[in-house]
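Residues per chain are reported as follows:
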Amino acid sequence: MACGRERVVGKPQRKVDAVGKVTGRTRFADDLALPRMLYCRLLRSPHAHARILAIDTARAAALDGVRAVLTGAALPLPFGILPVSQDEHALALDRVRFIGDPVAAVAAVSEEIATAALDLIDVTYEPLPAIADPEAAIAPAETPIHDYGDAGNLHKLVSLEFGDVAEALARADHVREDLFFYGGSTHLAMEQHAALADWSPDGKLTLWSSTQTPHYVHRALARVLELPPARIRVIATPNGGGFGGKSDPFGHEIVVAKLAMLTGRPVKITLTREEVFYCHRGRHPTLMWVRTGVTRDGRITGMHFRTLLDGGGYGSYGVASTYYTGALQTVTYQVERYKFEGARAFTNKAPCGPKRGHGTPQPRFALEVQMDKLAEDLGIDPAELRLRHLAPPNSVTANYLRIGSMGLGTCIEKVMAGAGWKARHGRLGPGRGLGLACSSYLSGAGLPIYWNDMPHSGVQLKCDRGGGVTVFCGSTDIGQGSDSILASIVAEVLGVAMGDVSVMTADTDLTPVDLGSYSSRVTLMSGNAALQAAERARAILARHAAHKLTVPAERLVFAAGRVFDAEHPETGMTLAEAVQLAEAEEGTVGTVGSYTPPRSPGRYRGAGVGPSPAYSYSAAIAEVAVDPDTGIVRVPKIWVAHDVGRCINPATVMGQVEGSVYMGLGEALMEDMAYRPNRRLLHKIPSLLEYKSPTTLEMCDVETYLIEDPDPNGPFGAKEVGQGPLLPIPPAVANAVYDALGVRIDEVPITPEKVLKALKDKARGAGRYGPDRFPDITWPAPTVVAPPWEGGDGRAAPSPGASPSPSASERQH
Amino acid sequence: MPRPRPPRPPRTSDRALITLDLNGERTPVAFAPHKTLLEVLREDLGLTGTKHGCELGECGTCTVLLDDQPVLSCLVLAAACDGRRVRTVEGMGGSRLHPLQETFADLGAAQCGYCTPGFLLAARALLERNPAPTRDQIREALSGNLCRCTGYLKIYEAVELAAARLRGETAEPKPETLYGLR
């Protein structure tokens, strides 16, 4: 499809659900109610780590109004989002692993009675030593948090080497070694998780849930409840924000389903805000060590990157998160040789998982701040350094990621011009500064979470004889506007108005599988599936219209609700008439479309994390004003440019860029998932007031440039936008603080306390705040893969004990 | 998580009866007297357009107008609202949208939509007392409402556009609002 001739794509459109949202008509999970509905509440662990010796539910069950009390014994089968980390139970069986771990559940006729019943459940715990941080997790443990993992409390160890990095560093003109820490943060979606289950005596279970991944919830329910998937229907309600926090199957979803089966009544749960902090699955706190060698002109000859992730109490997406902390270092600037060692530790805190950018904002922070330092070492402008060594488009990186379109250079130039970089960087005077950083992100993970050969996204499309079109797709709108993307693409291809397209999504009974709203995959993958289904429908309609009009089918135009001859526009018919012709001849007009990402060139163990059909690119410049007396960092403005490939709907693209900048700003300056080590790892701040997030008073002005470098793998050339623009913000702010004060804050969040400490340190000569050591870890022998330019074919070099082919368990993302 | 121990279930036999002026309709309602205005709106009156984010007065999601003032309905006892004027998102438009609803929809000021009703009512209260607010006055008026999706910028622009239209001006969004800079 040629760019620029489209009538819908590329134009700002009101989202298909916008009116529902501004009128309060949208029904979120907690807005649902069914007759005879019971209310569920969960009892959660008061211990960070303990054995459960006994649970007595008799007093709770006897309370007037209580209909059922459930413990882990009723749901003994484990589950987890990744096949290699099936380590969760809907309710704890015999062990609790963090404060807030669910232990028992009550269903009662009112929420008040269910809450009161929780106090009548008697649990006897035997407290165990708690692991507070990853360093403690490295030491051998008497009672490991889990009975699986790569070494004691180390859940996962990864070691990959692409070319001889030691040799590359030895011959580099300049080598830097730096340590960074990226603090943990949580999604803080405004909607608390909620779920409603209904069981019908004919053996059919229906679950409505605020989930980003109804397909995976479907699978987890079937597994734990031991029901045939065909008897389970999962409907994802519109998510009141997700950001990755609703992408795991959760115990509470399984619990309400089980309670509905036991009581024969619908059962609903809505988590409290405090409980949402315990669900977490947020950003892994990550310690990083980076050694990078460059030539005099800044070309990266070798990079050795180590990460240590604080995983919390369960696996969640953590194996994938670990790989992601090492995957995308190579797609922005050319890296000739690259080595990555990553470790994820279990600790007795709320489980970490995927938050917007999943595992990549942490290493991006380290990489971009180190680039700033390298530029200064070499006496090269930081923007110029990046522009000189951009990864080329249509290339394969050292770790075998295939880059398609690559608009980073344009992004950098746009923000430089906007911010007046050349005239202002380094020249704003004391307390004021500019900082630049770049990034890239996936347009969907190249491999599914559980290994299979089926499409990642499917669409069914139905043409009605009245001229309406209905799109069915398993994708889930979490506010990012994915339903509208489906409508735009179908409206474009069939030449109808957006309002003539009905979108039915996220219902496992009605819609073909789409894997879910994560890894920024939906526009590209469900968009391609919708495009295929719409083009097939168009072909059917064109055939019949062409016959009737006696015009060659290829000359027909679909636009404005009509099908007509391009050369004689008055010769035509309405789309409804075309559908009626086709329906009379062939029966119901319906098509399907599906999408499977292209195969990645990487063939080594671990190559499953990082490949994507297309990579987005972003550049940002932050301006800061820092008060040296208080250490308070204000950010008046950020310039951001994002290469989205092609805007399907520029209005929603703008929203994603600005929202990403906002969330990145929060992580840069204030958001902090903090625990109290001296209070048995109690969560410090499980409330919206105490967990600091930017209000209108902290949010900066943003100047947004949308760069369109179409990628052949994207529908109409589109790439992702929901996550990538978050990534450059924290390092841009850190680099700007350096420009303002001459101190390096190698850690986020950049709190006033850290700035003041760094200023004090500067008075003594250095001027840095950040970690000063990376603990000793016994890394496994690396999987060695030659880069493409050193004769590699994507396969690992044979080594003693190495498996010959990628194992299914390593294909997670 | 040590928790207090009230072993007896709450009493539900006593019910308060009040009459609200709710979105312009005289609305009697009976409910358990401990309930908040938020709970009565959502649970007893079926007006689920008002959302909740914390039920602790921290996020502004449950904002409604009580006697034309924005209040956090999770902190207001419904029993204290007898005879008072309550306006919720359901009363903003009728069969047509209010100008704020139009601009929130067109500019993408509502992404997930969960915080949107609260923002709409806070913005409406602002425009009723100040038809031409500056950007800083909008920031200040909306500073008690959290949004995690938009970064607030499209919300400001939507309020400014609606304000202009409510003043009778012919106003359209700036191209860079919808297309960005190129």
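Since this is a predicted model, take the numbers as computed values, not measurements.

Thresholds applied
Residues numbered from 1 in each chain as written. Chains lettered and ligands numbered in written order. Predicted model: local features only at pLDDT ≥ 70, side-chain atom pairs only at ≥ 80, totals over all residues. Helix = DSSP H or I, 4+ residues; strand = E, 2+ residues; numbered from the N terminus. Buried ≥ 20, exposed ≤ 12 C-beta atoms within 10 Å, placed from the backbone. Contact = placed C-beta atoms within 7 Å. Rg over C-alpha atoms; globule rule 2.2 N^0.38 Å. Core = buried A, V, L, I, M, F, W, Y, C linked by C-beta atoms within 7 Å. Domains from an automatic or database assignment. Nonpolar A, V, L, I, M, F, W, Y, C, P; charged D, E, K, R; others polar. Pairing = 2+ DSSP bridges. Axes fitted to C-alpha atoms, helices over the stretch in contact; angles between N-to-C directions. Parallel < 35°, antiparallel > 145°, perpendicular 65-115°, else oblique. Left-handed = near helix turned anticlockwise from the far one by under 90°.

(A) Representation of the overall build of chain B in the model. A tally of regular secondary structure across chain B gives six helices and five strands. The linear arrangement of helices and strands in chain B, starting from the amino end, is β-β-α-β-β-β-α-α-α-α-α. Counting the 182 residues in chain B, one finds 51% classified as buried. Considering only intrachain contacts with a sequence separation of at least 6, the fraction spanning at least 24 residues in chain B is 57%.

(B) Quick look at the overall build of chain A. Along the backbone of chain A there are 19 helices and 34 strands. In terms of overall dimensions, chain A is globule-like: its C-alpha atoms have a radius of gyration of 27 Å, near the 28 Å expected for 813 residues. If you line up chain A on its principal axes, its C-alpha atoms span 85 × 75 × 60 Å. Sorting the 813 residues of chain A into buried and exposed places 64% on the buried side. Within chain A, contacts between residues at least 6 apart in sequence are counted, and of these 80% link residues at least 24 apart.

(C) Region of the structure containing the nonpolar core. Residue and element names in this part refer to chain A. Cys-40, Val-415, Val-471, Val-490, Val-733 and Val-737 are the most contacted members of the largest nonpolar core, which totals 311 residues. Looking at this core element by element, the count peaks at 13 residues for helix 15 (residues 522-549). With residues near it in sequence (within four places) discarded, Val-737 still touches Gly-433, Val-624, Val-626, Val-633, Val-743, Ile-745, Ile-750 and Val-755.

(D) Seen up close, the domain arrangement of chain A. All names here are of chain A. On domain assignment, one finds that chain A holds domain 1 (18-26 + 455-595), domain 2 (32-128 + 190-241 + 246-279) and domain 3 (286-447 + 602-769). A separation of 38 Å is found between the C-alpha centroids of domain 1 and domain 2. Of the residues belonging to the side of domain 1 that touches domain 2, the class tally is five nonpolar, seven polar and three charged.

(E) Quick look at the sheet that holds strand 8 (residues 174-182) of chain A. All names here are of chain A. Within the open sheet, the seven strands sit side by side as 32-8-13-14-15-7-34. Their pairing is mixed. Each edge of the sheet is formed by a strand with only one pairing partner; in this case those strands are strand 32 (747-748) and strand 34 (783-785). With two bridges connecting them, strand 8 and strand 32 associate as parallel partners. Bridging from a neighbouring strand, Phe-181 pairs with Glu-747 of strand 32. Most of the contacts of helix 10 (residues 361-378) go to strand 8, to which it runs at about 145°, and overall it touches strand 8, strand 13 (286-294), strand 14 (300-310) and strand 32.

(F) Highlighting the packing of helix 14 (residues 482-494) of chain A against helix 15 of chain A. All names here are of chain A. It is the contact of helix 14 with helix 15, at a shortest axis distance of 9 Å, that shows an interaxial angle of 30°. Taken together, helix 14 and helix 15 sit at an angle that is classed as roughly parallel. Helix 14 and helix 15 meet at a crossing whose hand is right-handed. Side by side, helix 14 and helix 15 meet where Ser-482, Ile-485, Leu-486, Ile-489, Val-490, Val-493 and Leu-494 of the first sit next to Val-522, Thr-523, Ser-526, Gly-527, Ala-530, Leu-531, Ala-534, Glu-535, Ala-537 and Arg-538 of the second. Here the residues of the contact of helix 14 with helix 15 sort into eleven nonpolar, four polar and two charged.

(G) Structural view of the environment of Ala-257 of chain A. Looking at the secondary structure, you find Ala-257 of chain A in helix 7 (residues 251-263). Separated by 101 residues in sequence, Ala-257 of chain A and His-358 of chain A have C-alpha atoms that sit 29 Å apart.

(H) Region of the structure containing the interface of chain B and chain A. With 51 residues of chain B in contact, the opposing surface of chain A contributes 56 residues. Residue classes in the side of chain B that touches chain A are distributed as 28 nonpolar, 14 polar and nine charged.

(I) Geometry of unusual backbone geometry. Each neighbour pair has its own omega, and for Val-748 of chain A with Pro-749 of chain A the value is 0°, a cis peptide bond. The residue Pro-749 of chain A is located in the loop between strand 32 and helix 19 (752-763) in this model.

(J) Structural context of the domain arrangement of chain B. Residues and elements named next belong to chain B. You can read the domains of chain B as domain 1 (16-91) and domain 2 (99-172). One C-alpha centre belongs to domain 1, the other to domain 2; they are set 22 Å apart. Listing elements by their share of the side of domain 1 that touches domain 2, those giving two or more residues are strand 3 (63-66) and strand 4 (69-72). Looking at the side of domain 1 that touches domain 2 element by element, the count peaks at three residues for strand 3.

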